[in-house]
Amino acid sequence: MSKHKKNQEIKGEDEELKEEVAVEVNEERQEEQTDNFEEKFNELNDKYLRLYSEYDNYRKRTANEKVELIKTAAEGTITALLPVLDDFERALPTMENDEDKTHYEGIILIYNKLKHTLEQKGLEEIKAVGETFNTDEHEALTQIPAPSDDMKDKVIDVVQKGYKLNGKVIRYARVVVGC
């Protein structure tokens, strides 16, 4: 074999070897790029999921706050009207014995309308007489000896009615407790 032919064979083998090395290097680069893309994708996907979760939590929290604000927005007004309701309740028994029943009936209608309107807005009276004394709803003004053993630690009399607005106590019932 001639020298020239040998050189050509060596060159051919070198080129094949170079091509194999180039293919291997190219495959390694592609694998690295794929790994980098996967890492970047996972990182961005994680950031997206966290951001979406934060936004969803924010949306839920603000919706709950809005509902609570709507529920308690009238609290100040309703609390201011409670003394008017008390005045009606004190006035009605004294008017009941008057000779002119038309005024009494008119006042009853107004009282019932006011009470019904407040109840529609979420106002409810705290039950007290005969109930076990509960510091979450009652304020004890005094204690007196219980008329019977079953009335011990129970509310005997109500000095001022208590009220809840949508389940939240806005005025504690002022009561007399048996001991």
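Below is a summary of the structure that appears in this document. The structure presented is a predicted model; accordingly, all values stated were derived computationally and were not measured. (Residues numbered from 1 in each chain as written. Predicted model: local features only at pLDDT ≥ 70, side-chain atom pairs only at ≥ 80, totals over all residues. Heavy atoms only, no water.)

**Here we look at helix 2 (residues 75–95)**
Alright, step 1. When the terminal C-alpha atoms of helix 2 are compared, their 30 Å separation across 21 residues agrees well with the 30 Å that a helix rising 1.5 Å per residue should span.
Alright, step 2. Taken as a whole, helix 2 carries its principal kink of about 25° at Leu 82; the proline Pro 83 stands between one and four residues after it.
Alright, step 3. For helix 2, the full list of buried residues reads Ile 78, Leu 82, Leu 85, Asp 86, Phe 88, Glu 89, Leu 92 and Met 95.
Alright, step 4. On the buried face of helix 2, the contacting elements are helix 3 (101–120), strand 1 (123–125), strand 3 (155–160), strand 4 (163–165) and strand 5 (168–171). (Helix = DSSP H or I, 4+ residues; strand = E, 2+ residues; numbered from the N terminus. Expected span 1.5 Å × (residues − 1). Bend = angle between axes of the 7 residues up to and from the residue. Buried < 20%, exposed > 50% of the residue type's maximum accessible area, 1.4 Å probe, protein only. Contact = heavy atoms within 4.5 Å.)

**Comments concerning the packing of aromatic side chains**
Alright, step 1. For the structure shown, the criterion picks out two aromatic pairs.
Alright, step 2. Ring plane angle 50° and centroid distance 5.9 Å describe the contact between Phe 88 and Tyr 111, whose orientation is recorded as tilted. Note that Phe 88 is positioned in helix 2 and Tyr 111 in helix 3, a separation of 23 residues in sequence. Here the two residues Phe 88 and Tyr 111 agree in accessibility, since each one is buried. (Phe/Tyr/Trp six-rings, centres within 6.5 Å; stacked < 30°, edge-to-face > 60°.)

**Examining the sheet that holds strand 2 (residues 138–144)**
Alright, step 1. Here three strands make up an open sheet; going across it, the order is 2-6-3 and the pairing mixed. The sheet is open, and its two borders are formed by strand 2 and strand 3, each paired with just one other strand. Averaged over all pairs of adjacent strands, the angle between strand axes in this sheet comes to 30°, irrespective of strand direction.
Alright, step 2. Pairing analysis gives four bridges linking strand 3 to strand 6 (residues 173–178), with the strands arranged antiparallel. What sits directly across from Gln 160, in strand 6, is Arg 174. (Pairing = 2+ DSSP bridges. Axes fitted to C-alpha atoms, helices over the stretch in contact; angles between N-to-C directions.)

Keep in mind these values describe shape, not function.
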